[in-house]
Amino acid sequence: LPPSKIINSAASQSVIADGCLIKEAANVEHSVVGLRSVINENVTVKDCLLMGADYYETEAEAAKLLAEGDVPIGIGEGSVVQNCIIDKNARIGKNVQIINKENVQEAENEAAGYWIKSGIITI
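Here's what I pulled together on the structure shown here. None of the values given here were measured: they were computed from a predicted structure.

### Quick look at the overall build of the chain
The secondary structure content of the chain amounts to one helix and 17 strands. Relative to the 2.2 N^0.38 estimate, which gives 14 Å for 123 residues, the radius of gyration of the chain is 14 Å and therefore close to what a compact globule would have. Its C-alpha atoms give the chain principal-axis dimensions of roughly 40 × 35 × 25 Å. Across the chain, contacts joining residues at least 24 apart in sequence account for 29% of those joining residues at least 6 apart. Taken as a whole, the chain presents about 7100 Å² of accessible surface, with 51% of it coming from carbon and sulfur. Of the side chains in the chain, 10 bear a positive and 17 a negative charge, and the two mean positions are spaced by 2 Å.

Structure follows, in structure tokens:
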């Protein structure tokens, strides 16, 4: 895999695997970022485990998905993800907030694609 690209972004107390793309103004803090992860512009990732992706989507493929109203692999622009485990090949849209604001300890919603165990959100 190629080395990761971190473009004008901050990463502190984190481990970033090979092949990742972290775009402008992203902030990754106290997290593990898995292989081939894509973190778009103005994204905040804090206290998370991102499992990464099994394959790359090209810029053209991602643009086509966006034009069709679908979501490319990775975390979309302007999103905030905190205290989460994000499974492989996950697709998180633009301006999404995944935060356990109400401090829920246990919940399960398989239809919506998430679980909460010990206050940690799993997607």
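### Focus: the nonpolar core
One finds Ile39, Val45, Leu50, Ile75, Cys84 and Ile86 to be the most contacted residues of the largest nonpolar core, which totals 19 residues. Apart from the residues lying within four places of it in its own chain, the contact partners of Leu50 are Val32, Val33, Gly34, Ser37, Ile39, Val45, Ile75 and Ile86.

### Regarding the side chain of Ser79
With respect to the helices and strands, Ser79 occurs in the loop between strand 10 (74-75) and strand 11 (80-82). On the basis of relative accessibility, which here comes to 0%, the residue Ser79 falls in the buried class. At a separation of 3.0 Å, a polar atom in the side chain of Ser79 contacts the main-chain carbonyl oxygen of Gly76.

### Overview of the pattern of salt bridges
By the definition in use, this model includes four salt bridges. Between Lys88 and Asp54 there is a salt bridge; the shortest N-O distance is 2.9 Å. Of the two residues, Lys88 sits in the loop between strand 12 (84-86) and strand 13 (91-92) while Asp54 sits in the loop between strand 9 (49-50) and helix 1 (59-67), which places them 34 residues apart along the sequence. For Lys88, a relative accessible area of 42% gives the class partly exposed. Salt-bridge contacts for Glu57 lead to Arg91; the nearest nitrogen and oxygen are separated by 2.9 Å. Of this pair, Glu57 sits in the loop between strand 9 and helix 1 while Arg91 is found in strand 13, placing the two residues 34 residues apart along the sequence. On the basis of relative accessibility, which here comes to 21%, the residue Glu57 falls in the partly exposed class. For Arg91, a relative accessible area of 37% corresponds to the partly exposed category.

### Section: unusual backbone geometry
Of note, the phi angle at Asn83 is positive, near 55°, even though the residue is not glycine. Tracing the chain through its elements places Asn83 in the loop between strand 11 and strand 12. What makes Asn83 partly exposed here is its relative accessible area of 31%. In this structure, Asn103 is a non-glycine residue whose phi angle is positive, near 55°.

Conventions and cut-offs
Residues numbered from 1 in each chain as written. Predicted model: local features only at pLDDT ≥ 70, side-chain atom pairs only at ≥ 80, totals over all residues. Heavy atoms only, no water. Helix = DSSP H or I, 4+ residues; strand = E, 2+ residues; numbered from the N terminus. Rg over C-alpha atoms; globule rule 2.2 N^0.38 Å. Contact = heavy atoms within 4.5 Å. Areas by Shrake-Rupley, 256 points an atom, 1.4 Å probe, with all protein chains shown as cover. Lys, Arg positive; Asp, Glu negative; His and termini not counted. Charge placed at Lys NZ, Arg CZ, Asp CG, Glu CD. Core = buried A, V, L, I, M, F, W, Y, C linked by side-chain atoms within 4.5 Å. Buried < 20%, exposed > 50% of the residue type's maximum accessible area, 1.4 Å probe, protein only. Polar contact = N/O pair within 3.5 Å; in protein donor to acceptor, adjacent residues only side chain to side chain. Salt bridge = Lys/Arg side-chain N within 4 Å of Asp/Glu carboxyl O.

Read these as layout, nothing more, since geometry by itself doesn't imply function.
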